[in-house]
Amino acid sequence: MSRNWTPKQLKYIRFLADPEEGRSKSQFAREIKVSLRTLFSWQEKEGFWDAVYELAMVHLESSLAPTLKALARQASKGDVQAIKLILQHTGKLRKEPEQEVKVVISWDEGEEAVASCGAS
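Attention here is on the structure that accompanies the text. Please read these numbers as outputs of a predicted model, since none were measured by experiment.

Secondary structure summary: the protein contains five helices and two strands in total. Of the regular secondary structure in the protein, the N- to C-terminal order runs α-α-α-α-α-β-β. Sorting the 120 residues of the protein into buried and exposed places 17% on the buried side. Considering only contacts in the protein between residues 6 or more positions apart, those separated by 24 or more positions represent 35%. Of the roughly 9500 Å² of accessible surface on the protein, 53% is carried by carbon and sulfur atoms.

Encoded structure:
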């Protein structure tokens, strides 16, 4: 959040970035004693949504460990999708190498057509 935001703008950024926030924008505006129009004008300022996103990513990162733990529990129960996600996340899931398939079609006249395509 590189811009110099006012304390009320910072509160609004935190409000929008918090995934657990349950209040409406109208309620929030009343609490900090500004109009909804003011909130919307702040949203139009350069860098505003970047600041919201940056803070939202902090919230997301903080919930990653419990999420991975829950995913591991599902995988240990045999959930194939959970197993695949864990293997992808850890870089352990190997994709099958691509194979080239060549098809040759011959006619009696000695002519042939060749088609080649990659298959995965």
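Structure's up, so let's keep going.
The next subject is unusual backbone geometry. Phi is mostly negative for residues that are not glycine, and the peptide bonds are mostly trans. The backbone phi angle of K33 is positive, close to 60 degrees, even though this residue is not glycine. By secondary structure assignment, the location of K33 is in the loop between α2 (25-32) and α3 (36-43). Overall, the relative accessible area of 69% leaves K33 in the exposed class.

Core analysis: the biggest nonpolar cluster contains 15 residues, and Y12, I13, L39, W42 and F48 have the highest contact counts within it. Contributions of two or more residues to this core are made by α1 (7-17), α2, α3 and α4 (48-76). Leaving out residues up to four positions away in the same chain, W42 has contacts with K8, Q9, Y12, I32, V34 and F48.

Another aspect to go through is the packing of aromatic side chains. For any pair of aromatic rings, geometry is given as the distance between the ring centres together with the angle between the planes. Applying the stated criterion across every chain yields a total of seven aromatic pairs. Relative to F48, the ring of W5 has its centre 5.8 Å away and its plane inclined at 85 degrees; by these criteria the two rings are edge-to-face. Pair noted here: W5 is in the segment before α1 and F48 is in helix α4, with a separation of 43 residues, a long-range link. With a centroid separation of 5.6 Å and 25 degrees between ring planes, the pair formed by Y12 and F28 is classed as stacked. Taken together, the residues Y12 in helix α1 and F28 in helix α2 connect sequence positions 16 residues apart. There is no split in this pair, since Y12 and F28 are both buried. Ring pairs connect the aromatic residues W5, Y12, F15, F28, W42, F48 and W49, which therefore count as one cluster.

On to α3. For α3, the complete set of buried residues consists of L39, W42 and Q43. On an axial view of α3, the arc spanned by its buried residues comes to 105 degrees, and they lie on one face.

Before going further, it helps to spend a moment on the side chain of Q9. Along the chain, the position of Q9 falls in helix α1. Take Q9: its relative accessible area is 4%, and that puts it in the buried class. Not counting residues within four places of it along the chain, the set of residues in contact with Q9 comprises R3, W42 and K45.

A few words now on the side chain of Q43. Positionally, Q43 belongs in helix α3. Reaching out from Q43, the side chain makes a polar contact with the side chain of K25 at a distance of 3.2 Å.

Reading the values: rules and limits
Residues numbered from 1 in each chain as written. Predicted model: local features only at pLDDT ≥ 70, side-chain atom pairs only at ≥ 80, totals over all residues. Heavy atoms only, no water. Helix = DSSP H or I, 4+ residues; strand = E, 2+ residues; numbered from the N terminus. Buried < 20%, exposed > 50% of the residue type's maximum accessible area, 1.4 Å probe, protein only. Contact = heavy atoms within 4.5 Å. Areas by Shrake-Rupley, 256 points an atom, 1.4 Å probe, with all protein chains shown as cover. Core = buried A, V, L, I, M, F, W, Y, C linked by side-chain atoms within 4.5 Å. Phe/Tyr/Trp six-rings, centres within 6.5 Å; stacked < 30°, edge-to-face > 60°. Arc of directions from axis to C-beta. Polar contact = N/O pair within 3.5 Å; in protein donor to acceptor, adjacent residues only side chain to side chain.

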